[in-house]
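One letter stands for each residue in the lines below.
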Amino acid sequence: SEKACHAFGRCHIPVAPGCNIQCNYCVRDFDCVNESRPGVASRVLDPDEAIEMVRKVIRDYPYIKVIGIAGPGEPLANEATFETLRRVHEEFPHIIKCISTNGLLLPEKIDLLEKYGVGNVTVTLNAIDPEIGAKIYEFITYKGKRYTGVEGAKILLENQLKGIRMAVERKMIVKVNTVYIPGV
């Protein structure tokens, strides 16, 4: 709304290039200034560059209240995410921190998210039936092994649901996104 313009804002920092799943709809082959979607970034920052970006953004745009990590890959599968969150939390404890994830690693990373003050978690959950998930995900990579088909979709779904429950138990704000895929 016009009333919110320059009163509230968020900044996404691209520090997570790697991904642990391959969605059949995900294409990361291109980027342009008008492209604004998960999986795309003009450049990935290391934690030093990310904290400098946060400092500059907060200095130049004091209405920025949220710092988020949404990729361009899977944030929880990249150690740079946690180093960046640690540093943002130490330097800017008052800022709202959010993460967007596919949820595969959420149960095992939830304690770190809580430690670094992440209060908002968005999980992209595209299927609640592993048979449907098998049509959406080409594969998942979990604990060093690649899984495909219903087996992979089932592991992903179980971890997503468990991670969502764990986040809610920790009083985190949880949002679930779903990608609408015609014909699936």
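Here the structure is a predicted model, which is why all the values come from computation and not from measurement.

> If you had to explain the side chain of Thr101 to someone new, which residues and values would you point to?
Counting through the fold element by element, Thr101 comes out in strand S4 (residues 96–101). Judged by its relative accessible area of 2%, Thr101 falls in the buried class. A polar contact is formed between the side chain of Thr101 and the side chain of Glu74, at a distance of 2.6 Å.

> Would you mind going over the environment of Ile181 in detail, with residue names and values included?
Examined against the element boundaries, Ile181 turns out to sit in the segment after strand S8 (173–177). Through-space distance from the C-alpha of Ile181 to that of Tyr25 is 8.3 Å; in sequence the pair is 156 residues apart. Dropping the residues within four chain positions of it, Ile181 is found in contact with Tyr25 and Ile136.

> Please give an account of the packing of aromatic side chains that cites residues and values.
What the rule picks out here adds up to one aromatic pair. Ring centres 6.1 Å apart and planes at 75° place the aromatic pair Tyr61 and Tyr63 in the edge-to-face group. With relative accessibility at 42%, the residue Tyr61 sits in the partly exposed group. The cationic tip of Arg146 hangs over the ring face of Phe139; the distance from NZ or CZ to the ring centre is 3.6 Å.

> Before we move on, can you summarise empty space enclosed by the protein with the specific residues and values?
Throughout the structure, instances matching the rule amount to two cavities of 30 Å³ or more. Roughly 40 Å³ of volume is contained in the largest cavity. It is helix H5 (residues 149–169) that provides the largest number of residues to the lining of the largest cavity, a total of four residues. Counted by class, the lining of the largest cavity contains six nonpolar, two polar and one charged residues. The space that makes up the second largest cavity amounts to roughly 30 Å³. Of all the secondary-structure elements, those providing two or more residues to the lining of the second largest cavity are helix H4 (130–136), strand S6 (137–142) and H5.

> Just give me the short version of the side chain of Lys97, but keep the residues and values in it.
Mapped onto the fold, Lys97 is located in strand S4. Among buried Asp, Glu, Lys and Arg side chains, Lys97 stands out as unpaired, with Glu90 the closest opposite charge at 11 Å. At a separation of 2.9 Å, a polar atom in the side chain of Lys97 contacts the main-chain carbonyl oxygen of Ile95. Excluding residues that lie within four positions of it along the chain, Lys97 makes contacts with Ile67, Leu85, Val88, His89, Phe92, Tyr116, Gly117, Val118, Gly119 and Asn120.

> Which residues make up the sheet that holds strand S2 (residues 21–23), and what values go with them?
Pairing is antiparallel across the open sheet formed by three strands, whose spatial order is S2-S6-S7. The sheet terminates laterally at S2 and strand S7 (145–147), the two strands that pair on one side only. Pairs of neighbouring strands in the sheet enclose a mean axial angle of 20°, with direction left out of account. Sitting on the sheet, H5 touches S2, S6 and S7, and the angle it makes with S6 is about 60°.

What counts, and at which threshold
Every chain is numbered independently, its residues counted from 1 as its sequence is written. Totals for whole chains, interfaces and linings use every residue, but because this is a predicted model, local features are given only for residues with pLDDT of at least 70 and side-chain atom pairs only at 80 or more, for both listing and counting. To get the side-chain values, all heavy atoms of the structure are used, and hydrogens and water are removed first. Starting at the N terminus, helices and strands are each numbered in turn, a helix being any DSSP run of H or I of at least four residues and a strand any DSSP run of E of at least two. Burial classification: accessible surface area is computed with a 1.4 Å probe over protein chains only, and a residue below 20% of its type maximum counts as buried, one above 50% as exposed, and the rest as partly exposed. We call two N or O atoms a polar contact when they sit within 3.5 Å, provided that within protein one can donate a hydrogen and the other can accept it, with sequence-adjacent residues counted only if both atoms are side-chain atoms. The contact criterion used throughout is that any non-hydrogen atoms of two residues lie within 4.5 Å. Only rings of Phe, Tyr and Trp enter the pairing, Trp through its six-membered ring, and a pair is recorded when the two centres are within 6.5 Å. The plane angle decides the type: under 30 degrees is stacked, over 60 is edge-to-face, the rest tilted. Any Lys NZ or Arg CZ that is within 6 Å of a ring centre and within 35 degrees of that ring's normal is treated as a charge sitting over the ring. Cavities and pockets are found on a 1 Å grid laid over the protein atoms alone: a cavity is a set of points where a 1.4 Å probe fits but cannot escape, a pocket is an open set with protein on both sides within 12 Å along at least five of seven lines, and a lining residue has an atom within 4 Å of such a point. Grid points are joined across faces, edges and corners, and a volume is the space filled by probe spheres set on the points. Classification used: nonpolar for Ala, Val, Leu, Ile, Met, Phe, Trp, Tyr, Cys and Pro, charged for Asp, Glu, Lys and Arg, polar for all others including Gly. Under the convention used here, Asp and Glu are negative, Lys and Arg are positive, and both His and the chain ends fall outside the count. The salt bridge criterion pairs a side-chain nitrogen of Lys or Arg with a carboxyl oxygen of Asp or Glu, the two atoms within 4 Å. When DSSP finds two or more bridges between a pair of strands, those strands are recorded as paired. All axes here are fitted lines through C-alpha atoms, helices being fitted over the stretch that makes contact, and every angle between N-to-C directions spans 0 to 180 degrees.

Read these as geometric descriptors, not functional statements.
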